[in-house]
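What follows is the residue order along each chain.
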Amino acid sequence: VANMRPELFKCIIANVPAVDTLNDMIDGGVHNAPYHFEENGNPDIEEQYYYMKSYIPYENITKQEYPNILIKTGFHDNNVKYWGPVKYAAKLRENWKGDNLLLLKTDMDTAHFGPSARYENYKEQTIEDIFTPEQLSNAVKLDAYTMQSTVFINNKNGTFTPKVLPITAQLS
């Protein structure tokens, strides 16, 4: 979404984003990659490789103005390896235009879903609070555990509405 229509958002908070699944699957970085073929495609099949390349965020970064972006990753995450969001942030920085913020937070103590203790979660929330209310008024929070089963409905007015798929659709 950030690459295709950045003007729709003032702020994006990307929690452990799976932004480079194509290279992760090729390199073996995705845990149980064959189980993800139905959802993402199989990069070993040439037609699917090029289709995946057309929608993978890392592969589609262009030189443009992006909204304020906070990218968060956990060093011990076995589902979304920390180097994917780090590479994504680095490539965004190379192509970044404008004065909006691009922040990367790599938590050296957490895994996929962040800290487990209640007070640690409070501290984690404060990093998101650095954005102003105006910036957050049009924010989309992209959590890896909800994004993989979310579709965006085109409202035909330049905006999109996220809709989480029912559990039966997620399991099929």
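Every value quoted in this text rests on a predicted model; they were computed, and no experiment measured them.

## Remarks on the packing of aromatic side chains
Then comes step 1: Counting across every chain of the model gives 5 aromatic pairs.
Then comes step 2: Where Tyr66 meets Trp96, the ring centres are 5.5 Å apart and the plane angle is 20°; that geometry is what we call stacked. Within this pair, whereas Tyr66 is found in the loop between β2 (64-65) and β3 (68-74), its partner Trp96 is found in strand β4 (residues 96-97), the two being separated by 30 residues in sequence. Of the two residues examined, Tyr66 and Trp96, each falls in the buried class.
Then comes step 3: In textbook terms, an aromatic cluster arises when at least three aromatic residues are bridged by ring pairs, as seen for Phe75, Tyr82 and Trp83.
Then comes step 4: Lys87 extends its terminal NZ or CZ atom over the ring of Tyr58, reaching a point 4.9 Å from the ring centre.
Then comes step 5: In this structure, Lys91 is placed above the aromatic ring of Tyr58, and the distance from its NZ or CZ to the ring centre is 4.4 Å.

## Section: the side chain of Asn42
Then comes step 1: By secondary structure assignment, the location of Asn42 is in the loop between α2 (37-40) and α3 (46-55).
Then comes step 2: If sequence neighbours within four positions are ignored, Asn42 has contacts with Phe37, Gln48, Tyr49 and Met52.

## A few points about the confidence of the model for the chain
Then comes step 1: The share of residues in the chain with pLDDT of 70 or more is 64%, and the mean pLDDT across the chain is 76.
Then comes step 2: Residue range residues 143-149 is modelled with pLDDT below 50. Its contacts to residues more than four positions away, or to other chains, number 12 contacts.
Then comes step 3: Low pLDDT (under 50) marks residues 167-172, which in the prediction has 4 contacts with non-local residues, meaning those over four places away or in another chain.

## A closer look at helix α4 (residues 83-95)
Then comes step 1: Given a rise of 1.5 Å per residue, 13 residues ought to cover 18 Å, and the 18 Å separating the end C-alpha atoms of α4 matches this to within 8%.
Then comes step 2: All of the buried residues along α4 are Gly84, Pro85, Tyr88, Ala89, Leu92 and Asn95. The arc that holds every buried residue of α4, seen down its axis, measures 130°, which confines them to one face.

## Here we look at the nonpolar core
Then comes step 1: Counting residues in hydrophobic clusters, the biggest one holds 20 residues, and the most contacted among them are Tyr66, Ile69, Ile71, Tyr88 and Leu92.
Then comes step 2: Of all elements in the fold, only α1 (21-27), β3 and α4 reach the threshold of two or more residues within this core.
Then comes step 3: Looking at which element gives the most residues to this core, the answer is α4, with 3 residues.
Then comes step 4: Excluding residues that lie within four positions of it along the chain, Tyr66 makes contacts with Ala2, Asn3, Pro6, Ile61, Leu92, Asn95, Trp96, Lys97 and Asn100.

## Comments concerning unusual backbone geometry
Then comes step 1: The backbone phi angle of Val16 is positive, close to 35°, even though this residue is not glycine.
Then comes step 2: In this structure, Val16 sits in the loop between β1 (11-15) and α1.
Then comes step 3: We classify Val16 as buried; its relative accessible area is 6%.

## As for the pattern of salt bridges
Then comes step 1: Scanning the entire structure with this criterion turns up 3 salt bridges.
Then comes step 2: The partner of Glu7 in a salt bridge is Arg5, with the nearest N and O atoms 2.4 Å apart.
Then comes step 3: Classification of Glu7 as exposed rests on a relative accessible area of 53%.
Then comes step 4: A residue is classified by how much of its surface remains accessible, and Arg5, at 31% relative accessible area, is partly exposed.
Then comes step 5: Here Asp107 ties to Lys105 by a salt bridge, and the two come within 3.4 Å at their closest N and O atoms.

## With respect to the pairing of β1
Then comes step 1: Buried residues dominate β1, accounting for 5 of its 5 residues.
Then comes step 2: Burial along β1 is two-sided: Cys11, Ile13 and Asn15 and Ile12 and Ala14, pointing in opposite directions, are all buried.
Then comes step 3: Here 5 bridges tie β1 to β3, and the two strands are oriented parallel to one another. Directly across from Asn15, in β3, lies its bridge partner Lys72.

About the criteria used
- Residues numbered from 1 in each chain as written.
- Predicted model: local features only at pLDDT ≥ 70, side-chain atom pairs only at ≥ 80, totals over all residues.
- Heavy atoms only, no water.
- Phe/Tyr/Trp six-rings, centres within 6.5 Å; stacked < 30°, edge-to-face > 60°.
- Helix = DSSP H or I, 4+ residues; strand = E, 2+ residues; numbered from the N terminus.
- Buried < 20%, exposed > 50% of the residue type's maximum accessible area, 1.4 Å probe, protein only.
- Lys NZ or Arg CZ within 6 Å of the ring centre and 35° of its normal.
- Contact = heavy atoms within 4.5 Å.
- pLDDT = per-residue confidence, 0-100.
- Expected span 1.5 Å × (residues − 1).
- Arc of directions from axis to C-beta.
- Core = buried A, V, L, I, M, F, W, Y, C linked by side-chain atoms within 4.5 Å.
- Salt bridge = Lys/Arg side-chain N within 4 Å of Asp/Glu carboxyl O.
- Pairing = 2+ DSSP bridges.

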